[in-house]
Amino acid sequence: MGFSKLWLEHKKLADTRKRVIISCDHTLKDSAAFDELKTAMRTMVPDAIVLWKSEVFDDDSYLIVLSVHPELEAEEYNIAASSNITEICGGSETGVLYGVFAFLRQTALAGGFASFTESAKPSQPLRMLNHWDNADSTIERGYSGKSFFFVDDELAVNERTVMYARLMASVGINGVVINNVNVRGKAKRLLADDYADRLEELGGLFGRYGIKLFICPDFAAPITVGGLDSADPLDDKVIEWWNGCCKKLFTKVPNLGGFLVKADSEGQPGPFAYGRDHADGANMLARAVRPYGGTVIWRCFVYNCTQDWRDLNTDRARSGYDNFIPLDGRFDDNVILQVKNGPMDFQVREPVHPLFGAMKHTKIMAEFQLAQEYTGQQKHVCWLVPMIRDILAFGTRHDLDDDRVSSVVCGVAAVANTGDDYCWTGSELAAANLYGYGRLLFCEDIDMEQLAEEWAQLTFGEDEQVIANVKEILLGSHKAYEDYTVPLGMGWMCKPNHHYGPDPWGYEFDRWGTYNRADRDSVGVDRSMSGTGYSGQYSPAWAEVYGSPDSCPDELLLFFHRVPYTHRLRSGKTVIQHIYDAHFEGYEKAEHFAKLWADLEGRVDEQIFKNVSARFEEQLRCAKEWRDIVNTFFHRLSGIDDEKGRKIYN
Ligand code: GCU
């Protein structure tokens, strides 16, 4: 299948110059930075010839000077641009590449060569995407077609992968995990010779774009690949096997950054089978990759997924903290723990994971999910970037001057929302998540309105009506989705397994630890100190706020507390009235967004218009289901009428 260039579809500038001269030394001439600039200039200034150095420099020329300045940090860049000359310097080839992309972005947004200066270095050192692609080319929680990394058990390196690397580098992504954390089928052989040549090739391509390649290994590989009878991380034979495996792999694939590991979680193998703990498992791998500068990213998504719903004491939300806090300080320094943004599983609203504030002697990174598993599966518009911004800005460790999540983590990852669809993300609007995520990690102060506008303009062109409508849709989309699905932090009212559409008790009598405990009087889970004690996993100030229904923020009330339907929120509304209002208003907002999009007919590309319109139709159908089923569910249970007398199906 063909593919779109998304925001790198460079558009022609109103510039009639005859020459664009790119001046740089020989090394940079072979770099991705030079290629990107050359390719872009040929499209943006089609009447000009693009030259590498030139004797002629006159009024008909535009000069761009690229250089590496080692005194800058490797990924840092400075741009000084004017109407006839621009200088871009970076701390390394990657820094220059980021500078080139920034220059192209500003030039496209200005519609021509403009005067500006820009200095930037990334807010987060590690800016990753985790693909949940399987070797058989299916994608776990994929909503955009099949894998473009794996085609029928083979690893593909082709024009699409090149475009992928370009797109990712253009928003500053510098680490990519290519396969699913649940290592299935032939992916188990990523560590064997089977994939070595292709991994080398892909690693080389990524390296040119400043991206480290990561893979998810099978923790049981000493058995499944090596033929040993154990994968015990403290067994000498196992250690020796991993050492040998890594030596071969990292020598062959020098741009391999390391491993991402899901162990002892939802059926994946891990150290528990041998009576060992997560630190034993992670450190064993960390020592095997250390000689090559490798990193082991170890996931903290560990909980009991065979819980009995009758058991009111076990609380899944507690499990990350309970499993990992006793190990704080025991991990090697090339281990990073990867913690989901909230304690459950990428719900539309969860509190910030307490491990960010509590894990004080271990490297830690945050994991988000751009794949919209629980947020509308890329049929509903749900722009997640403002939520990610808010979570990174959350003050989590009150013992530090700068206690924001963004400053206690050493990196951020997100589950990718891409596939082999023409537009990469199923819906063209879902690409705003991919774009915005990268831009935010590079520049955490970026203004959300500006970001939405920037993406809309680079994607759809400069029609002001298009930019305004798309911006309004994006900015309001997360709140609308939350309102018509599960407001007040309830979570988990979706259909089991595929997680799309409403089913208020779908997870209520199941083994996953995901309950709302709604009855005729009350709803919510008591996670205060008199309940499961989860609120006590936060620093004292937050523990106090979350610990009482009077101080708990409304949007998280039912996550932390079990309250009667007549409980008054801080907003002054009762819980039941809020549930009704949110569902009616959320649906109305979705209708409004669909209308804003419909108004753009003839202003955006026809194919895009049709694809997104069809998704809005489905969003409205599904939002209505959510509204009516959740409202009816609570009306039947509580017997309390909507004070505004709207239609509830009873
Ligand atoms: C969710 C998701 C799974 C995934 C898991 C994980 O539970 O539904 O498909 O494997 O997260 O993050 O490992």
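Residues numbered from 1 in each chain as written. Predicted model: local features only at pLDDT ≥ 70, side-chain atom pairs only at ≥ 80, totals over all residues. Heavy atoms only, no water.

Further remarks concern the overall build of the chain. Regarding its fold elements, the chain presents 19 helices and 18 strands. Among the 650 residues that make up the chain, the fraction classed as buried is 62%. In the chain, the share of contacts with a sequence separation of at least 24, taken over all contacts with a separation of at least 6, comes to 72%. For the chain, the exposed area adds up to about 24,400 Å²; of that, 48% sits on carbon and sulfur atoms. Between the mean site of the 69 positive side-chain charges and the mean site of the 96 negative ones, the chain shows a separation of 2 Å. (Helix = DSSP H or I, 4+ residues; strand = E, 2+ residues; numbered from the N terminus. Buried < 20%, exposed > 50% of the residue type's maximum accessible area, 1.4 Å probe, protein only. Contact = heavy atoms within 4.5 Å. Areas by Shrake-Rupley, 256 points an atom, 1.4 Å probe, with all protein chains shown as cover. Lys, Arg positive; Asp, Glu negative; His and termini not counted. Charge placed at Lys NZ, Arg CZ, Asp CG, Glu CD.)

Looking now at the site of the ligand. Taken together, the neighbourhood of the ligand is formed by 13 residues, with E140, K262, R299, K340 and E373 sitting nearest. Contact between the ligand and K262: an oxygen atom at 2.6 Å from a side-chain N or O atom of the residue. Between the ligand and E266, the relevant distance is 3.5 Å, taken from an oxygen atom to a side-chain nitrogen or oxygen of the residue. Protein chains bury 96% of the 310 Å² of accessible surface belonging to the ligand in isolation. (Near = heavy atom within 4 Å. Polar contact = N/O pair within 3.5 Å; in protein donor to acceptor, adjacent residues only side chain to side chain.)

What follows concerns the domain arrangement of the chain. Per the domain assignment, the segments making up the chain are domain 1 (6-120), domain 2 (126-446) and domain 3 (487-525 + 562-638). The C-alpha centroid of domain 2 is placed 34 Å from the C-alpha centroid of domain 1. Listed by partner, the interface residues are 17 residues for domain 1 and 20 residues for domain 2. Of the roughly 1,600 Å² buried at the junction of domain 1 and domain 2 (both faces included), carbon and sulfur atoms supply 60%. Seen at the junction of domain 1 and domain 2, the total is 3 salt bridges. With a shortest N-O distance of 2.9 Å, E75 and R127 are connected by a salt bridge. Between the two partners, domain 1 and domain 2, sit 8 residue pairs in polar contact (both at pLDDT 80 or more). Breaking the side of domain 1 that touches domain 2 down by element, the ones donating at least two residues are α2 (32-44) and α3 (93-110). (Domains from an automatic or database assignment. Buried area = accessible area lost by both parts, 1.4 Å probe. Salt bridge = Lys/Arg side-chain N within 4 Å of Asp/Glu carboxyl O.)

Attention now moves to the environment of E617. Inspection of the secondary structure assignment puts E617 in helix α19 (residues 606-638). A relative accessible area of 61% places E617 in the exposed class. Linking E617 and H380, residues 237 residues apart in sequence, is a C-alpha distance of 9.3 Å.

Once that is clear, we can look at the sheet that holds strand β13 (residues 295-299). Within a sheet, neighbouring strands are paired by backbone hydrogen bonds and run either parallel or antiparallel to one another. With parallel pairing, 8 strands are arranged side by side around a closed barrel as β7-β10-β11-β12-β13-β14-β15-β16. Neighbour to neighbour, the strand axes of the sheet diverge by 25 degrees on average, direction disregarded. With 4 bridges joining them, β13 and strand β14 (residues 335-340) adopt parallel strand pairing. The residue bridging I297 from the neighbouring strand is I336, located in β14. (Pairing = 2+ DSSP bridges. Axes fitted to C-alpha atoms, helices over the stretch in contact; angles between N-to-C directions.)

This part takes up the packing of helix α4 (residues 159-170) against helix α5 (residues 196-208). Where α4 meets α5, the axes come as close as 9 Å, and the angle between the chain directions of the two elements is 35 degrees. Between α4 and α5 the crossing geometry is right-handed. Contact residues: T161, V162, Y164 and A165 in α4; L202, L205 and F206 in α5. For the contact of α4 with α5, the per-class residue count stands at 6 nonpolar, 1 polar and no charged. (Left-handed = near helix turned anticlockwise from the far one by under 90°. Nonpolar A, V, L, I, M, F, W, Y, C, P; charged D, E, K, R; others polar.)

The tally for this structure, following the rule as stated, stands at 39 aromatic pairs. Considering the side-chain rings of F148 and F149, the 4.9 Å spacing of their centres and the 50 degrees angle between planes classify their relative orientation as tilted. Taking the relative accessible area as the measure of exposure, F149 reaches 0% and is therefore buried. Taken together, a centroid distance of 5.2 Å and an interplanar angle of 15 degrees make the contact between F250 and Y292 stacked. Here F250, found in helix α7 (residues 236-252), pairs with Y292, found in the loop between α8 (278-289) and β13; they are 42 residues apart in sequence, far enough to count as distant. Residue class for F250 comes out buried when judged on its relative accessible area of 4%. Here Y292 falls in the partly exposed class, since its relative accessible area comes to 30%. Members of the aromatic cluster, each reached through a chain of ring pairs, are F394, Y534, Y538, W542, Y546, F559 and F560. The ring of W52 has K29 lying over it, and the distance from NZ or CZ to the ring centre is 4.8 Å. (Phe/Tyr/Trp six-rings, centres within 6.5 Å; stacked < 30°, edge-to-face > 60°. Lys NZ or Arg CZ within 6 Å of the ring centre and 35° of its normal.)

Sheet topology note: the strand β1 (residues 19-23)/strand β3 (residues 61-68) ladder contains 5 bridges and is parallel. When the sheet's bridge partners are listed, S23 is paired in β3 with V65. Sheet topology note: the β3/strand β5 (residues 85-90) ladder contains 6 bridges and is parallel. Bridging from a neighbouring strand, L66 pairs with I88 of β5.

Running from N to C, α7 and α8 point in directions that differ by 40 degrees, and their axes come no closer than 8 Å. The angle between α7 and α8 places the two elements in the oblique class. For the element pair α7 and α8, the recorded crossing hand is right-handed. Contacts between α7 and α8 involve I239, W242, N243, C246 and F250 from the former and M284, L285, A288 and V289 from the latter. (Parallel < 35°, antiparallel > 145°, perpendicular 65-115°, else oblique.)

Below, the discussion takes up the environment of K18. Tracing the sequence through the fold places K18 in the segment before β1. Given the relative accessible area of 45%, K18 is considered partly exposed. With residues up to four places along the chain from it excluded, the contact list for K18 reads D47, A48, I49 and D60.

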